[in-house]
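# Structure assessment
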Amino acid sequence: MKPEEKINEEIEQNEVTDTQNEKAEETAAAEEKVQAELTDAEKLADAEQKLAELQDKYLRQVAEFDNYRKRTIKEKADLILNGAEKTITAILPVLDDMERALKNMETAEDVAAVKEGVDLIMQKFIKILENQGVKKIETENADFNTDLHEAIAQIPAPADEMKGKVIDCVQTGYTLNDKVIRHSKVAVGL
C-alpha cells in the first residue's frame, strides 16, 4: 500500500469515526432531551398528585370546621333555651312549700306558726339562690359605689362620717357570680 493510499484510508476512517461520534452525540443529546421531558412529566404528575392531596385535605378541613360551627351554634341555642333549667328545678321545691303554706294559712289560727313557716321558706329560697351564685349586695354603712348602688335620693347625713355613705336601702341589689344583676337603690348622705 502506498503512503498516499494509507493517508486517504486514515482520513476516510477518521471521517467515518467523526460521523459516528457526531451521530452518537446527537443520539445522546436526544436521549437527554427525552429524559428531561420524562423528568418534567414526572415532576408535573407528582405536583398534580400533591395538589390533589392538598385540595382534598383543604376540603376536609373546611367541612370539619363547618360541622364544628354548626354544632356550636346548636349547643348555644340549646343552652339559651334550657339554660335556666337547673335554676328553675332548684326553685320548684320553694314553690311547693309556698303552696302548702297558703293552704295552711286558710285554716291556721296561730299567726306566729304561719310567720315561722314563711320565714323558713324564705331562708330556703335564699339558700337556693346562694347555691346558684346569687348574693345580696350589702349596703349597711357602706360607701356609695356607683358600680353597686343607684342613688335615688340624697338626704342630710346625721353625722359627718356618714357623708357619701349609704343611709338607707330602698331596694336590695344582687350579684350573680360577682356580676351585678340589679343595683341596690339607696339614699346617700350629703
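Provided above is the structure to which this section pertains.
Basis of the calculations
Residues numbered from 1 in each chain as written. Predicted model: local features only at pLDDT ≥ 70, side-chain atom pairs only at ≥ 80, totals over all residues. Heavy atoms only, no water. Pairing = 2+ DSSP bridges. Helix = DSSP H or I, 4+ residues; strand = E, 2+ residues; numbered from the N terminus. Axes fitted to C-alpha atoms, helices over the stretch in contact; angles between N-to-C directions. Salt bridge = Lys/Arg side-chain N within 4 Å of Asp/Glu carboxyl O. Buried < 20%, exposed > 50% of the residue type's maximum accessible area, 1.4 Å probe, protein only.

## Remarks on the sheet that holds strand E3 (residues 166–171)
The strand order E2-E6-E3 describes an open sheet built from three strands, whose pairing is mixed. The sheet is open, and its two edges are formed by strand E2 (149–155) and E3, each paired on a single side. Each adjacent strand pair in this sheet contributes to an overall mean axis angle of 30°, direction not counted. Bridging between E3 and strand E6 (residues 184–189) involves four bridges; their strand directions are antiparallel. What sits directly across from Asp168, in E6, is Ala187.

## Quick look at the environment of Glu64
Tracing the sequence through the fold places Glu64 in helix H1 (residues 3–82). A C-alpha to C-alpha distance of 57 Å links Glu64 and Gly117, two positions 53 residues apart in sequence.

## Brief notes about the pattern of salt bridges
By the definition in use, this model includes nine salt bridges. Two residues, Asp46 and Lys50, come together in a salt bridge whose shortest N-O distance is 3.8 Å. Taken together, the residues span about one helical turn, with Asp46 and Lys50 both in helix H1 at a distance of four residues. Accessibility expressed as a relative area gives 49% for Lys50, which makes it partly exposed. Residues Lys163 and Asp160 are paired through a salt bridge, measuring 3.8 Å at the closest nitrogen-oxygen approach. Members of the salt-bridge network, linked through shared partners, are Asp66, Arg69 and Lys70.

Don't take any of this as a statement about function, it's just geometry.
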